[in-house]
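Each chain, letter by letter, is given below.
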Amino acid sequence: MDYVPVEVKLHILSYLSERDLSQVLLISKHWHLLALDPVLWGKLLPDSSTTDSDLLKVLQKRSLISHFKYNSSKITEGGLSQLLVQFGSTLRYLDLDSCDELSSDLISLLVEHCPNLSYLDLSANPFIDDVTMCQLAACQSLTTLRIRNCDTVTDLGLGMLASQVRLVNLDAGCLLYVRRPTIDALLETSSCILQTLVLDGANLNDVDLMELGKFANLRSLELQFCDEFTDQGFIGLKRSILSSVTQVIKMFQLIKSLPRCYYLQYLQSYKTSFLVTAQG
């Protein structure tokens, strides 16, 4: 390991929990100095047994927290509120996927105390709805938003947020009520910067699909289980994005009438990296 660059070692250490980093401090003087890097301690990744009491003890010892990932059902709204109030100004990355403790008050604290937040994951939470989207419209620093499986979010709320926040990455997969208004709102604010768009299960027709070709810098597009558009819509989309998209991934169940063999041959005539499974 002596010949491994310091940057690589720090990257490896970034995957460790606070408890594991404490063990690294004891290995040697060299590793002790590496493990003390403030960037590493800016990440707070509690394990499944962490309680509010454990979290508060950690918060008392920290001067900086930039990343937080919710992993423990034993952390309540009170513990999360303390985190946001105390370290909201330094938080850049907040993952609350499957967090049962979310509430309107907690979202309000997030908007008020996290002016520099760039990554937010609120996936798989039944509380997240259009009201939440309207609240998050005030988070002007937000560039990545994941709201996958938030079933009560509709075009009304997501369109409002998309019209106010310039998103680079949006995962709105498995939302039942997302249609054209959301795409129009994204085009209005993020047409030149959106790079990743996930609309799995969205109710998109051929015209809606071809509108996606207007995103000038789109790099990744996921449309699993979108079965309302036909091969004509997909071909129209494909033609419109050839000049800009370098990688489009995970397009499943796209074609209703185009035979598999012709479809694959059609794709092979272009220098793109589509990974497609079409129903034959």
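Everything below is about the structure printed above this text.
Residues numbered from 1 in each chain as written. Predicted model: local features only at pLDDT ≥ 70, side-chain atom pairs only at ≥ 80, totals over all residues. Heavy atoms only, no water.

Engineer: What exactly am I supposed to notice about the overall build of the protein chain here?
Structural biologist: From N to C terminus, the protein chain includes 13 helices and 10 strands. Burial status across the protein chain gives 46% buried among its 280 residues. Long-range contacts, defined here as pairs at least 24 residues apart, represent 68% of the contacts in the protein chain between residues at least 6 apart. By element, 55% of the accessible surface of the protein chain is carried by carbon and sulfur atoms, the whole surface being about 13,600 Å². (Helix = DSSP H or I, 4+ residues; strand = E, 2+ residues; numbered from the N terminus. Buried < 20%, exposed > 50% of the residue type's maximum accessible area, 1.4 Å probe, protein only. Contact = heavy atoms within 4.5 Å. Areas by Shrake-Rupley, 256 points an atom, 1.4 Å probe, with all protein chains shown as cover.)

Engineer: Teacher, can you tell me more about the packing of helix H9 (residues 155-164) against helix H10 (residues 180-190) here?
Structural biologist: When two helices pack together, their arrangement is given by the angle between their axes and by how far apart the axes lie. Packing of H9 against H10 leaves a shortest axis separation of 7 Å and a crossing angle of 5°. Compared by their axis directions, H9 and H10 come out roughly parallel. Only Arg-180, Pro-181, Thr-182, Ala-185, Leu-186 and Thr-189 of H10 make contact with H9, whose side of the interface consists of Asp-155, Leu-158, Gly-159, Ala-162, Ser-163 and Gln-164. Tallied by class, the residues present in the contact of H9 with H10 amount to five nonpolar, five polar and two charged. (Axes fitted to C-alpha atoms, helices over the stretch in contact; angles between N-to-C directions. Parallel < 35°, antiparallel > 145°, perpendicular 65-115°, else oblique. Nonpolar A, V, L, I, M, F, W, Y, C, P; charged D, E, K, R; others polar.)

Engineer: Which parts of the structure should I look at to understand the environment of Val-111?
Structural biologist: For Val-111, the location among the structural elements is in helix H7 (residues 104-113). Residues Val-111 and Leu-136, spaced 25 residues apart in sequence, show a C-alpha to C-alpha distance of 6.5 Å. Excluding anything up to four places from it in sequence, Val-111 contacts Gln-135, Leu-136, Ala-138 and Cys-139.

Engineer: I keep staring at the packing of aromatic side chains and nothing clicks. Help me out?
Structural biologist: Any two aromatic rings considered together are summarised by their centre-to-centre distance and by the angle between their planes. For the structure on display, the rule yields one aromatic pair. Between the NZ or CZ atom of Lys-9 and the centre of the ring of Trp-31, over which it lies, the distance is 5.4 Å. (Phe/Tyr/Trp six-rings, centres within 6.5 Å; stacked < 30°, edge-to-face > 60°. Lys NZ or Arg CZ within 6 Å of the ring centre and 35° of its normal.)

Engineer: Would you mind showing me how to read the sheet that holds strand S2 (residues 67-69) here?
Structural biologist: Either a parallel or an antiparallel arrangement is found when strands of a sheet pair, and the pairing is made through backbone hydrogen bonds. Spatially, the eight strands line up as an open sheet ordered S1-S2-S3-S4-S5-S6-S7-S8, and their pairing is parallel. This sheet does not close on itself; its edge strands, each paired only once, are strand S1 (43-44) and strand S8 (220-222). Taken together, the three bridges between strand S5 (residues 144-146) and strand S6 (residues 169-171) define a ladder with parallel strand orientation. Bridge pairing in S6 places Arg-146 opposite Asp-171. (Pairing = 2+ DSSP bridges.)

Engineer: How should the environment of Lys-9 be read in this particular structure?
Structural biologist: Relative to the helices and strands, Lys-9 resides in helix H1 (residues 6-13). According to the relative accessible area criterion, Lys-9 is buried, its value standing at 3%. For the pair Lys-9 and Leu-34, spaced 25 residues apart in sequence, the C-alpha to C-alpha distance is 8.0 Å. In this structure the side chain of Lys-9 is engaged in a polar contact, spanning 2.9 Å, whose partner is the side chain of His-30. (Polar contact = N/O pair within 3.5 Å; in protein donor to acceptor, adjacent residues only side chain to side chain.)

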